[in-house]
Amino acid sequence: MSLFRGRELWTADCGGDGGEEFDRNCIAVGNLDNASPCTDKVIVGSFSGSLRVFLPSRAGWDVNDLLMESHLGLPILQVAIGPFASTVDGLTVAILHPRRLSVYEFVSNLGADRNVQHMQMNELWSHNLERSSYNFCTGSFGGESRSATGQNTYQIAVQSLDGQLQFFEESRATFARFIPQFLVAGPLTYVPQADEFITVNSTFEVQGFKYHSIAASEDSKQQQAAQTAASKLTTTKRLQPTWSIDIGESAVDVWAARVSRAEGASYEIIVLGEHTLFVVRPEGSIRVQKKLQYSPLTSFTYPVVRNPGGSDIHNIVVASMEGTMYVYSDSSLVWAAKLPEPPVAMRLATVQDLKGVIMTLSDIGKLHGLYLGTDPPSSAPSASDADPDYAKMDAEHQRLLGVIRDATSESRP
């Protein structure tokens, strides 16, 4: 049990009467309405289809902190903030439903006292999906994607439950490919430094797929059709991972960040397994393998050393099912703190110029804004600076021995 506790700065209840459920991809933090000055908002979606946007404050919960609440009518599997539309000068929000991917623009008018005069969401584009989706990742796949206006926009790769990666560039669906040897969907992340997708399959292998290899390959149905049409060998290219490594357990989270302070690669791959924390080198070899003495629920990374012109060095934060948060610098545990309740998702936010606020979301929708306090529990013993009085202690000891002797002699027959 940790001596320290996460100090609560702000809290909100997203679960209503307790009938809503949430997962690790149901929360995102950012200036989603492109307000000036830049202000972080917290957007939370539930499996019941409810979407809420909060503006946390340092004064605790206030009814005005809930900027918007809307019911979309479909379960929300994941939300993400990024430049997904060239028609909007700034950030938009991508929302994934089981059979639908939509991108919205959020527009709000904040008063001088932070009260919202009006906030609305406008759908920019939407795609119906042929397969049931699981999650998605975003980035400038293949390099920078610029619109006709010169704005850098992100693409979206949606992973389905049966292993298909479908790519979207703004309102256009570009192509789809199947991940080989696929059985169960797992975590997915994109590494911009290598233009590579990282996932963990059902055989407990961490795999890396280059974007150009995915785009140049043919899916299994196309290969089968080509082989049926011709009896000779075909020239179709089958998708193969750039590298693969067996970790021996399923993965909870996958991130790409630099955690080593030594000179080396600009990024590493952090894999949070069910029992182990792995740090994998870019070429696919394990650098750190740390056994965990708890069951992890979720994780995230945050920068601690800024390197202008280089890669920032990050710490790793892991939350356990027991409701404890562990902070690692590379492979060393540097901090642990008790949380109000076990989270399924954690994000970093800035609340009214206070940086480093940790937003935690539980599976029933309890949303907390926390910072790492150093005050121990009130029941902790306090140390005394005075030297002990040994003579007084000896006199008290002799007095107690006399009381014991008298009580013993009186009790004898």
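Check the entry above for the structure.
A few points on the structure.

The rules behind each value
- Residues numbered from 1 in each chain as written.
- Predicted model: local features only at pLDDT ≥ 70, side-chain atom pairs only at ≥ 80, totals over all residues.
- Heavy atoms only, no water.
- Phe/Tyr/Trp six-rings, centres within 6.5 Å; stacked < 30°, edge-to-face > 60°.
- Helix = DSSP H or I, 4+ residues; strand = E, 2+ residues; numbered from the N terminus.
- Buried < 20%, exposed > 50% of the residue type's maximum accessible area, 1.4 Å probe, protein only.

A word on the packing of aromatic side chains
No. 1: Scanning all chains against the criterion turns up 17 aromatic pairs.
No. 2: Ring plane angle 15° and centroid distance 4.8 Å describe the contact between Phe-4 and Trp-335, whose orientation is recorded as stacked. Here Trp-335 lies in strand 27 (residues 332–338) and Phe-4 lies in strand 1 (residues 4–13), a separation of 331 residues in the sequence.
No. 3: Note on Trp-335: relative accessible area 24%, which makes it partly exposed.
No. 4: Ring centres 4.1 Å apart and planes at 10° place the aromatic pair Tyr-294 and Tyr-326 in the stacked group. With Tyr-294 in the loop between strand 23 (286–291) and strand 24 (296–305) and Tyr-326 in strand 26 (residues 324–329), the pair connects residues that are 32 residues apart, well separated along the chain.

Concerning unusual backbone geometry
Glycine aside, a negative phi is what most residues show, and trans is what most peptide bonds show.
No. 1: Cis rather than trans, the peptide bond between Ser-36 and Pro-37 has omega equal to 0°.
No. 2: As for its position among the elements, Pro-37 is in the loop between strand 2 (27–30) and strand 3 (41–45).
No. 3: With a phi angle near 50°, Gln-181 is a residue other than glycine that sits in the positive phi range.
No. 4: Here Gln-181 shows up in the loop between strand 15 (172–178) and strand 16 (188–191).
No. 5: Overall, the relative accessible area of 62% leaves Gln-181 in the exposed class.
No. 6: At Asp-330, a residue that is not glycine, the phi angle is positive and equals roughly 60°.
No. 7: Its location among the elements puts Asp-330 in the loop between strand 26 and strand 27.

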